[in-house]
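What follows is the residue order along each chain.
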Amino acid sequence: MNQANMIQRVSTLLAMAALISGCSGSDTQDLQTFVENTRSKQHTRIEPLPEFKPYETFLYQASNLRNPFAPSVSGQIDRMLTPDDGPGIRPDVNRPREALEDFPLDTLRMVGTLGQHGSSWALVQASDNTIHRVQPGNYLGQNHGKIIFIDEYEIELMEIVPDGLGGWMERSASLALSE
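Overview of the structure. (Residues numbered from 1 in each chain as written. Predicted model: local features only at pLDDT ≥ 70, side-chain atom pairs only at ≥ 80, totals over all residues. Heavy atoms only, no water.)

1. Considering the packing of aromatic side chains
Two aromatic rings, taken as a pair, are described by how far apart their centres are and by the angle between their planes. As a reminder of what qualifies: Only rings of Phe, Tyr and Trp enter the pairing, Trp through its six-membered ring, and a pair is recorded when the two centres are within 6.5 Å. The plane angle decides the type: under 30 degrees is stacked, over 60 is edge-to-face, the rest tilted. As a reminder, the over-ring test applies to NZ of lysine and CZ of arginine, requiring each to be within 6 Å of the ring centre and within 35 degrees of the ring normal.
Summed over all chains, the structure comprises zero aromatic pairs. The lysine or arginine in question, R133, covers the ring of W121, its NZ or CZ lying 5.1 Å from the ring centre.

This is the structure:
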């Protein structure tokens with residue numbers, strides 16, 4: 001071993017000894033004061049959990065009352081007076097279905113309009129990202145929605161939906177231009 005390596009090792013050992021001696025003699029008085037102050041503070045009392053009332057069971061006895069899911073007596077009388085094959089609003093089940101009738105109305109988006117020689121068409125994007133051209137008289141949505149009017153901002157249509165009493169009723173709907 002040469003003299004340079006020996007000097008380097010001795011100086012490294014002396015530096016380590018100085019570091020170790022510096023760590024052991026540090027002043028910890030401020031830390032001890034903080035610990036004593038924290039211990040001397042009064043502890044706050046934790047409130048007990050609230051008492052819960054026991055669950056009271058309820059026996060539902062409505063066997064002598066009208067079933068809330070059955071039509072009312074007046075609705076049954078109205079249905080008996082208006083036969084199902086009479087005139088009234090009902091969807092045309094014999095017409096061929098169009099492509100956009102497979103999609104719920106809330107999944108369709110109006111993305112633009114086209115116009116030529118006084119005729120107007122709307123561009124509708126379906127949830128499968130295909131774009132369809134529609135005009136008044138076309139159907140869209142799953143509720144037999146027939147397009148009544150198209151302008152540059154929306155498509156107005158008339159849907160035929162069940163009325164809850166075994167019949168059908170018309171309901172207006174619209175599809176606004178998407179930004």
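2. Some remarks on the sheet that holds strand β3 (residues 131-134)
Put simply, the test is: Note on pairing: two strands pair once DSSP finds at least 2 bridges between them. By the criteria applied, helices consist of DSSP H or I runs no shorter than four residues and strands consist of E runs no shorter than two, each listed in order from the N terminus. Axis angles are defined between N-to-C directions and span 0 to 180 degrees, where every axis is a line fitted to C-alpha atoms and, for a helix, only to the segment in contact.
Strand order in this open sheet of three strands is β1-β2-β3, and the pairing throughout is antiparallel. The open sheet has two edge strands, β1 (109-116) and β3, and neither has a second partner. In this sheet, neighbouring strand axes are inclined to one another by 25° on average, regardless of whether the strands run parallel or antiparallel. Relative to strand β2 (residues 119-125), β1 runs antiparallel, the two sharing seven bridges. Looking across to β2, one finds that M110 is bridged to V124.

3. Quick word on a nonpolar patch on the surface
Filter applied, for reference: Patch criteria: residues need more than 30% relative accessible area and no salt bridge. Like-charged residues are merged within 9 Å; nonpolar side chains of Val, Leu, Ile, Met, Phe, Trp and Tyr are merged within 5 Å. Areas reported as accessible are Shrake-Rupley estimates using a 1.4 Å probe. Residue values count occlusion only from the protein chains shown. We define a salt bridge as a side-chain nitrogen of Lys or Arg found within 4 Å of a carboxyl oxygen belonging to Asp or Glu. Partly exposed residues are those whose accessible area sits between 20% and 50% of the maximum for their type, while under 20% is buried and over 50% is exposed, using a 1.4 Å probe and protein chains only.
On the surface, a nonpolar cluster with roughly 290 Å² of combined accessible area is contributed by M6, V10 and L14. By the element assignment, M6 lies in helix α1 (residues 3-24). Look at M6 and you get partly exposed, because its relative accessible area is 43%.

4. A short note on unusual backbone geometry
The backbone of H117 shows a phi angle near 50°, a positive value even though the residue is not glycine. One can find H117 in the loop between β1 and β2. In this structure, H144 is a non-glycine residue whose phi angle is positive, near 55°. Structurally, H144 can be placed in the loop between β4 (139-140) and β5 (145-150).

5. Concerning the pattern of salt bridges
Applying the stated criterion to the full structure yields four salt bridges. Close ionic contact of E101 with R97 constitutes a salt bridge, the shortest N to O distance being 3.8 Å. Look at E101 and you get buried, because its relative accessible area is 1%. In this structure, R97 engages D102 in a salt bridge whose closest nitrogen and oxygen atoms are separated by 4.0 Å. Residue class for D102 comes out exposed when judged on its relative accessible area of 53%. If you follow the salt bridges from partner to partner, you end up with R95, R97, E101 and D102 in one network.

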